[in-house]
Amino acid sequence: MLVPIFVFAGIEGTRRLIQLIGTSTALTRSISILPLVIVLGASAANHLWLGASPLVTPTQTWSTPGPREAAVEAIIATIPPTASISATSAIYPHLAGRARAYWFPAVQDADYVAIDVAASTDPVPPGEILASVSNLLVSGKYGVEASAPGFVLLRRGAADDRIPAGLADFARVTAADLTQETRLSSIRFSDRLSLDGYRLRQLPTLTVFGPTLELTTFWHVDRPLASDLSFVFYPTRRSDGAIVGTVQDQAAAAIWYPPTSWRPAETVALTVRIERENKLQAVGVAAIDPQSQNPLPVTTGRGGVTWNDSTVAQVVRLDGGS
């Protein structure tokens, strides 16, 4: 937000400086290009600092689109080019060139509403996305036009007012999803829920706070759960090990595929984003009972680490410690 102020200040300062020193053509030209040199130099320094410059060897890799992304793309292609659209943040850039395009949950007069719950819905959390979609369907103004795992397309005037059962398939893990899993040593929450492993990926996007991590945790239940648990992830600070904030109810899978629906024979993946990788020491997770609002007790096998009186299980250590 400060950039326009600095640019204006540079232009005005250059104008006044030229007035003070006179009208020497060579000197005037030199001073006139000074703000441009400063801006370009600052931009290059910022890109080098973020690691986004071609002069820096990239450490991030872009993920390869899979069958789910192909199915979503095929559905989007069926939307008439003149239709107005509302879309969540991961889909909106693909449709923003239309004459009328809104960022969901803003709907206005949109003919279609495209919701990708498996991808990022920032800055709107998954719970609010679910509530907004449910309200649209209950209103009778929109119905389901098409769907894929983690994606649903609503159309104004469509008759189907039920959230498709297959929408939750993005939360269920296949054998291919587990190929990059790091196994954990028997971490159990009470007597029914187990954390089996995790996958950590550095996202290719960068912020002023440094790289962002995508943490996927893999879970299974031994018996059906009596209530829908909520999941809270706790990052700790590298300098002193203190917990710095929480990432609560940000795993879309636990919202759209609630834990009481999990079946003992399946593995469920919960994915969250953890910022400020450079300053992180570790990440832990707790499962919260909705009735008591207390975390479930955690037990681990050999080598497992727990925090906060065995209510938080350490998932991954990032600073090389144990």
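Source: prediction; values computed, not measured.

A.B. asks: If you had to explain a nonpolar patch on the surface to someone new, which residues and values would you point to?
C.D. replies: Among the surface-exposed residues, Leu2, Ile5 and Phe6 lie close enough to one another that they form a single nonpolar patch of about 340 Å² accessible area. One can find Ile5 in helix α1 (residues 3–21).

A.B. asks: Explain the nonpolar core to me, and be specific about the residues and the numbers.
C.D. replies: By size, the foremost hydrophobic cluster in this structure holds 55 residues, and its most contacted members are Leu154, Phe189, Leu193, Trp219, Phe231, Trp262 and Leu270. Leu154 has contacts with Asp111, Tyr112, Val113, Val133, Leu136, Leu137, Tyr142, Gly143, Val144 and Glu145, leaving out every residue within four places of it along the chain. Counting residues in hydrophobic clusters, the runner-up holds 15 residues, among them Val72, Ala101, Tyr112 and Ala148.

A.B. asks: Lay out the packing of aromatic side chains with the relevant residues and their values.
C.D. replies: Taken as a whole and assessed by the stated rule, the structure comprises four aromatic pairs. For the ring pair Phe189 and Trp219, a centre distance of 5.2 Å and an interplane angle of 45° mean the geometry is tilted. Here Phe189 is found in strand β6 (residues 182–189), whereas its partner Trp219 is found in strand β8 (residues 210–221), with 30 residues between them in sequence. Taken individually, Phe189 and Trp219 each receive the classification buried, so the pair is uniform in this respect. Between Phe231 and Trp262 the ring centres are 6.0 Å apart and the planes differ by 15°, which places this aromatic pair in the stacked class. A residue pair is termed long-range when its members are at least 10 positions apart, and Phe231 in strand β9 (residues 230–237) and Trp262 in the loop between α6 (252–256) and β11 (268–274) qualify at 31 residues. For the residue pair Phe231 and Trp262, the accessibility class agrees, reading buried in each case. Feature note: the residues Phe189, Trp219, Phe231 and Trp262 constitute an aromatic cluster, connected by ring pairs. The positively charged end of Arg172 is found above the aromatic ring belonging to Tyr257, 4.4 Å away from the centroid.

A.B. asks: Break down the pairing of strand β5 (residues 151–156) for me, citing the residues and quoting the values.
C.D. replies: Here five bridges tie strand β3 (residues 112–116) to β5, and the two strands are oriented antiparallel to one another. Paired with Ile115 across the two strands is Val152, which belongs to β5. As defined by bridge partners, strand β4 (residues 142–148) adjoins β5 across six bridges and the pair is classed as antiparallel. Directly across from Tyr142, in β5, lies its bridge partner Arg156. Joining the antiparallel neighbours β4 and β5 is a turn of two residues, in which Gly150 adopts a positive phi near 80°.

A.B. asks: Explain the pattern of salt bridges residue by residue, including any values.
C.D. replies: Under the definition given, this model contains 13 salt bridges. For Asp116, the salt bridge identified is with Arg68, shortest N-O distance 3.2 Å. Taken together, the positions of Asp116 in strand β3 and Arg68 in helix α3 (residues 67–76) put the pair 48 residues apart, joining distant regions of the chain. Since its relative accessible area comes to 18%, Arg68 is described here as buried. Among the salt bridges present, the one from Asp160 reaches Arg162, with a minimum N-O distance of 3.4 Å.

A.B. asks: Residue-level account of α3, with values.
C.D. replies: Among the residues of α3, those classed as buried are Arg68, Val72, Ile75 and Ile76. Seen along its axis, α3 keeps its buried residues to an arc of 100°; they face one direction. In this structure, α3 carries Pro67 and Glu73 as exposed residues pointing more than 90 degrees from its buried face. Contacts made by the buried residues of α3 are with α4 (92–95), β3, β4 and β5.

A.B. asks: Tell me about unusual backbone geometry, and name the residues and values.
C.D. replies: Trans is the prevailing form of peptide bonds, just as negative phi is the prevailing case for residues other than glycine. Between Phe104 and the following residue, Pro105, the backbone shows a cis peptide bond with an omega angle of 20°. Note that Pro105 resides in the loop between β2 (101–103) and β3. Between Asp122 and Pro123 the backbone carries a cis peptide bond, its omega angle lying at 0°. With respect to the element layout, Pro123 can be found in the loop between β3 and α5 (126–139).

About the thresholds
Residues numbered from 1 in each chain as written. Predicted model: local features only at pLDDT ≥ 70, side-chain atom pairs only at ≥ 80, totals over all residues. Heavy atoms only, no water. Patch = residues over 30% accessible without salt bridge, like charges linked within 9 Å, V, L, I, M, F, W, Y side chains within 5 Å. Areas by Shrake-Rupley, 256 points an atom, 1.4 Å probe, with all protein chains shown as cover. Salt bridge = Lys/Arg side-chain N within 4 Å of Asp/Glu carboxyl O. Helix = DSSP H or I, 4+ residues; strand = E, 2+ residues; numbered from the N terminus. Core = buried A, V, L, I, M, F, W, Y, C linked by side-chain atoms within 4.5 Å. Buried < 20%, exposed > 50% of the residue type's maximum accessible area, 1.4 Å probe, protein only. Contact = heavy atoms within 4.5 Å. Phe/Tyr/Trp six-rings, centres within 6.5 Å; stacked < 30°, edge-to-face > 60°. Lys NZ or Arg CZ within 6 Å of the ring centre and 35° of its normal. Pairing = 2+ DSSP bridges. Arc of directions from axis to C-beta.

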